[in-house]
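Each chain is listed here by its residues.
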Amino acid sequence: MDGPVGLLVVPELPEVEVVRAGLEPVVTGATVTSVTVFDERSLRRHEGPSEDFVHRLVGSTFAQPRRRGKFMWLPLRPVVEPVETEALVTHLGMSGQVLLRPPGVDDRLTRIRLELEHPEQGAVRLNFVDQRIFGSMAVDALMDAGDGETVPVTVSHIARDPLDPRFDEKLFLDRLSRRNSGIKRALLDQGLISGIGNIYADESLWGARIHYEQLASTLSRPRARTLLAEVRSVLLQALAEGGTSFDEQYKNVNGNSGYFEHSLKVYGQQGKPCPRCGRPVVREQFMNRGSHFCPFCQKRPRAAL
């Protein structure tokens, strides 16, 4: 989806969690009765042709949808042996939508369609819609992540997110203290902490009064804890408000938009007054995207990176 000033915005933790939670009551326990692939580009991360994708899904039953960071997957219980060894992994990319529809209801730009049969709710259609075709679906093997959870192989490198009950705060803070990169780069590193993208990094750094170029290793432990608290606060608020939708490209499973964009303090607010001090919010180029901040509230470090 295009954010303000034409920024390309990838769904982050709140958006993906809203989709996962919306799917949970409808797809858990549902059996896949048929699969139609309209555009094989949406299978770019699936190892094998579309026929293999279809064969591995049809007849399987979905277990409870799960998520780590921005990745979501639906574990599969095969017909023959009820042991979850594979999962349907979904990545929304920039414009992917997973929409639940009654049987026979189509959506424009549907790339993959799954017909499901739920033991209590009956037939339901799941449409994977993607305008830009940067998102994907793939059937992937599950593996032991070594932290008490099984995850798809393609997700095994992703760290736990700060809302995960098993998130190791001490480990994160220790690793952060050894990072000689800017703090925003560290927050965007999905191998260090997952689920945070450009929007929520900017909002969290503003809340903690930290400039995005501040070296992660120079943050005191109390300031680092304050930042982590801000990250959690921002993510929870965004989650409560259904995520951030700048246009029609991010939707929940019912086709509704989130409204956290109305609560944004600095992201996309360049030129507008900072909600805290009233001075203009600034946008600077950062890693082929933008960083939004208040120059007064978030002082630039003396030794700029």
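Before going further, it helps to examine the confidence of the model for the chain. For the chain, mean pLDDT is 89; residues scoring 70 or higher make up 88% of the total. For the chain, helix 1 (residues 13-27) is the element with the lowest average pLDDT, namely 91, and strand 1 (residues 31-37) is the one with the highest, namely 98. Taken together, the stretch residues 1-8 has pLDDT below 50 and engages in 31 contacts with residues farther than four places along the chain or on a different chain.

Attention now moves to empty space enclosed by the protein. Counted according to the given criterion, the structure contains one cavity of 30 Å³ or more. In this model, the largest cavity occupies a volume close to 30 Å³. Along its surface, the largest cavity is lined by Leu23, Met72, Leu74, Leu88, Thr90, Val98, Leu126 and Met137. For the lining of the largest cavity, the secondary structure elements donating two or more residues are strand 4 (71-77) and strand 5 (86-91). The residue inventory of the lining of the largest cavity, partitioned by class, reads seven nonpolar, one polar and no charged.

Another point: the side chain of Lys184. Mapped onto the elements, Lys184 comes out in helix 4 (residues 183-188). Aside from chain neighbours lying at most four places away, what touches Lys184 is Asn198, Ala201, Asp202, Leu205, Tyr212, Phe286, Gly290 and Ser291.

A few words on the packing of helix 5 (residues 198-208) against helix 6 (residues 221-240). Packed helices, taken two at a time, are described by the angle their axes make and the gap between the axes. Interaxial distance between helix 5 and helix 6 falls to 8 Å at its minimum, and their mutual angle equals 130°. Our classification of the angle between helix 5 and helix 6 gives oblique. Two packed elements cross with a definite hand, and for helix 5 against helix 6 that hand is right-handed. Of the residues in helix 6, those touching helix 5 at Tyr200, Glu203, Ser204, Leu205, Gly207 and Ala208 are Arg223, Thr226, Leu227, Glu230, Val231, Val234, Leu235 and Ala238.

Let us look at the nonpolar core. The biggest cluster of nonpolar side chains holds 32 residues, and the ones touching the most others in it are Phe172, Leu176, Ile183 and Leu227. Breaking this core down by element, the ones donating at least two residues are helix 3 (169-176), helix 4, helix 5 and helix 6. The dominant element in this core, judged by the number of residues it contributes, is helix 6, at seven residues. Each residue touching Leu176, except ones within four places of it in the same chain, is listed here: Ile183, Ala186, Leu192, Ala216, Ser217 and Ala224. If you look at the next biggest cluster of nonpolar residues, it comprises 27 residues, including Val16, Met72, Leu114 and Val139.

With the rule as written, the count across this model stands at three aromatic pairs. Between Tyr212 and Phe286, the ring centres sit 5.4 Å apart and the planes meet at 75°, which makes this aromatic pair edge-to-face. Of the two residues, Tyr212 is situated in the loop between helix 5 and helix 6 and Phe286 in strand 11 (residues 282-286); the sequence distance between them amounts to 74 residues. In this structure, Tyr212 and Phe286 share a single accessibility class: buried. Aromatic rings pair up to connect Tyr212, Phe286 and Phe293 into one cluster. Here Arg276 stacks its cationic end above the ring of Trp206, 3.9 Å away from the centre of that ring. Here Arg279 stacks its cationic end above the ring of Phe296, 3.6 Å away from the centre of that ring.

Bringing the environment of Leu99 into the picture now. Counting through the fold element by element, Leu99 comes out in strand 6 (residues 96-101). For the pair Leu99 and Leu23, spaced 76 residues apart in sequence, the C-alpha to C-alpha distance is 8.7 Å.

Reading the values: rules and limits
- Residues numbered from 1 in each chain as written.
- Predicted model: local features only at pLDDT ≥ 70, side-chain atom pairs only at ≥ 80, totals over all residues.
- Heavy atoms only, no water.
- pLDDT = per-residue confidence, 0-100.
- Helix = DSSP H or I, 4+ residues; strand = E, 2+ residues; numbered from the N terminus.
- Contact = heavy atoms within 4.5 Å.
- 1 Å grid on protein atoms, 1.4 Å probe; cavity = no way out; pocket = protein on both sides within 12 Å on 5 of 7 lines; lining within 4 Å.
- Points joined across faces, edges and corners; volume = space filled by probe spheres on them.
- Nonpolar A, V, L, I, M, F, W, Y, C, P; charged D, E, K, R; others polar.
- Axes fitted to C-alpha atoms, helices over the stretch in contact; angles between N-to-C directions.
- Parallel < 35°, antiparallel > 145°, perpendicular 65-115°, else oblique.
- Left-handed = near helix turned anticlockwise from the far one by under 90°.
- Core = buried A, V, L, I, M, F, W, Y, C linked by side-chain atoms within 4.5 Å.
- Buried < 20%, exposed > 50% of the residue type's maximum accessible area, 1.4 Å probe, protein only.
- Phe/Tyr/Trp six-rings, centres within 6.5 Å; stacked < 30°, edge-to-face > 60°.
- Lys NZ or Arg CZ within 6 Å of the ring centre and 35° of its normal.

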